[in-house]
Amino acid sequence: MAEITGDQRVQSEVLEGLATAVNHRRWFVELALPYLGDNPIEIGSGLGDYALEWAEHLPRFTATEADPDRLVSLKERLADQPSIEVRQMLLPHSERGDYSAAVSYNVLEHIEDHVGALDSMRQLVRPGGAVIIIVPAFQFAMSPADIATGHVRRYTKKTLSAAMTEAGLQVEKIHYANALGLIGYFMATKVFRLMPKEGPMVKVYDTLVLPATKAAEQLARPPFGQSVFAVARTPA
């Protein structure tokens, strides 16, 4: 039986704090846009920040949330967005769909049966469509903040690629993102044992460091990063 892991109150506080990292979010919005197609579904929409930005570019969008309380908040926030459908969804499940893509940012690390979750995403997507994933990188960075928010693992390119392949997906692109962010996250959460919430450090990084990091990584992919970004295809 699938379960929602982690302290939901802490998760919501972290989501609210990181919502202020506008440049970071826009970078990750751009990473997925070329693969979303005309009718994607997001798994784990949280507060709806990514859904709102993606939906600006698409005729239809489906946002989902597993936690009942956050689902209510999500429906309220997106109520005036006629192109966005909001529904509850908890992975793994056996539902089949015809979405153009499934996109899920920082969700898979919460799910014990991550291969089952990826298989569920595969079955939601039409043949040849994309499954687009971002997850936190490197097990050595597992911190009290990860544990409090319900992370059961962190990933490398190799482990995420293996899980996607086992779920019947064909990996098309996979790389690390936000190299300097990994160093900052490790120092803040592992060394100083802070939670990644809104504050001066987040604002300074997002305003000053993040744009330079993004520009550099568009020229050359780094050998490490705070996140792993992957795109895989469902068999045609």
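Remember, it's a predicted structure, so these values are computed and weren't measured experimentally.

Conventions used here
Residues numbered from 1 in each chain as written. Predicted model: local features only at pLDDT ≥ 70, side-chain atom pairs only at ≥ 80, totals over all residues. Heavy atoms only, no water. Helix = DSSP H or I, 4+ residues; strand = E, 2+ residues; numbered from the N terminus. Buried < 20%, exposed > 50% of the residue type's maximum accessible area, 1.4 Å probe, protein only. Areas by Shrake-Rupley, 256 points an atom, 1.4 Å probe, with all protein chains shown as cover. Lys, Arg positive; Asp, Glu negative; His and termini not counted. Charge placed at Lys NZ, Arg CZ, Asp CG, Glu CD. Contact = heavy atoms within 4.5 Å. Core = buried A, V, L, I, M, F, W, Y, C linked by side-chain atoms within 4.5 Å. Pairing = 2+ DSSP bridges. Salt bridge = Lys/Arg side-chain N within 4 Å of Asp/Glu carboxyl O. Expected span 1.5 Å × (residues − 1).

Caption draft 1: Highlighting the overall build of the protein chain. A count of helices and strands for the protein chain gives nine helices and seven strands. In terms of its C-alpha atoms, the protein chain occupies a principal-axis envelope of roughly 45 × 35 × 35 Å. Counting only residues that meet the buried cut, the protein chain has 51% of its 236 residues in that class. For the protein chain, the exposed surface amounts to about 10900 Å²; the carbon and sulfur share of it is 57%. Taking the average location of the 23 positive side-chain charges in the protein chain and that of its 28 negative ones, the two points are 5 Å from each other.

Caption draft 2: Seen up close, the environment of Thr-62. Among the structural elements, Thr-62 can be located in strand 2 (residues 61-65). Relative accessible area serves as the criterion here: at 3%, Thr-62 is assigned to the buried category. Linking Thr-62 and Lys-158, residues 96 residues apart in sequence, is a C-alpha distance of 30 Å. Apart from the residues within four sequence positions on either side, Thr-62 is in contact with Pro-40, Ile-41, Glu-42, Glu-85, Arg-87 and Tyr-99.

Caption draft 3: Highlighting the nonpolar core. Core analysis: the largest hydrophobic core is formed by 32 residues, its most contacted members being Leu-108, Leu-118, Met-121, Val-131, Ile-133, Leu-160 and Met-164. Contributions of two or more residues to this core are made by strand 4 (99-105), helix 5 (114-124), strand 5 (125-136), helix 7 (157-166) and strand 7 (227-233). A per-element tally of this core places helix 5 first, with five residues. For Val-131, the contacting residues outside a window of four places in its chain are Ala-102, Leu-118, Met-121, Arg-122, Val-125, Met-164, Leu-169, Ala-230, Val-231 and Ala-232. With 29 residues, the next largest nonpolar core counts Tyr-50, Leu-71, Tyr-105 and Ala-177 among its residues.

Caption draft 4: Examining the sheet that holds strand 4 more closely. Strand order in the open sheet made by the seven strands is 3-2-1-4-5-7-6, with mixed pairing throughout. Two strands close off the open sheet at either side, each with one partner strand: strand 3 (84-88) and strand 6 (170-177). Judged from the seven bridges that link them, strand 5 and strand 7 form a sheet pairing that is antiparallel. Bridge assignment links Val-135 to a residue of strand 7, and that residue is Val-228.

Caption draft 5: Here's a closer look at the pattern of salt bridges. Tallied over the entire structure, the rule returns ten salt bridges. Linking Arg-126 and Asp-98 is a salt bridge whose minimum nitrogen-to-oxygen distance equals 3.6 Å. Placement of Arg-126 in strand 5 and of Asp-98 in the loop between strand 3 and strand 4 is noted, with a sequence separation of 28 residues between them. Here Asp-146 makes a salt bridge to Arg-154, at a shortest N to O gap of 2.6 Å. We note that Asp-146, like Arg-154, is buried. Linked by salt bridges that have partners in common, Asp-38, Asp-98 and Arg-126 make up one network.

Caption draft 6: Region of the structure containing helix 8 (residues 179-191). Taking 1.5 Å of rise per residue, 13 residues should cover 18 Å, and helix 8 covers 18 Å from first to last C-alpha, within 8% of that figure. Those residues of helix 8 that sit buried are Ala-179, Gly-181, Leu-182, Tyr-185, Ala-188 and Thr-189. Structurally, helix 8 contributes buried residues whose contacts are with helix 6 (144-148), strand 6 and helix 9 (200-219). Immediately beyond the C-terminal end of helix 8, within one or two residues, lies Arg-193, with a positive phi of roughly 55 degrees.

Caption draft 7: Structural view of the pairing of strand 7. Strand 7 sits mainly inside the fold: six of its seven residues count as buried. As judged from the seven bridges shared by strand 6 and strand 7, these two strands associate in the antiparallel manner. Looking at the pairing, Val-171 lines up with Ala-232 of strand 7.

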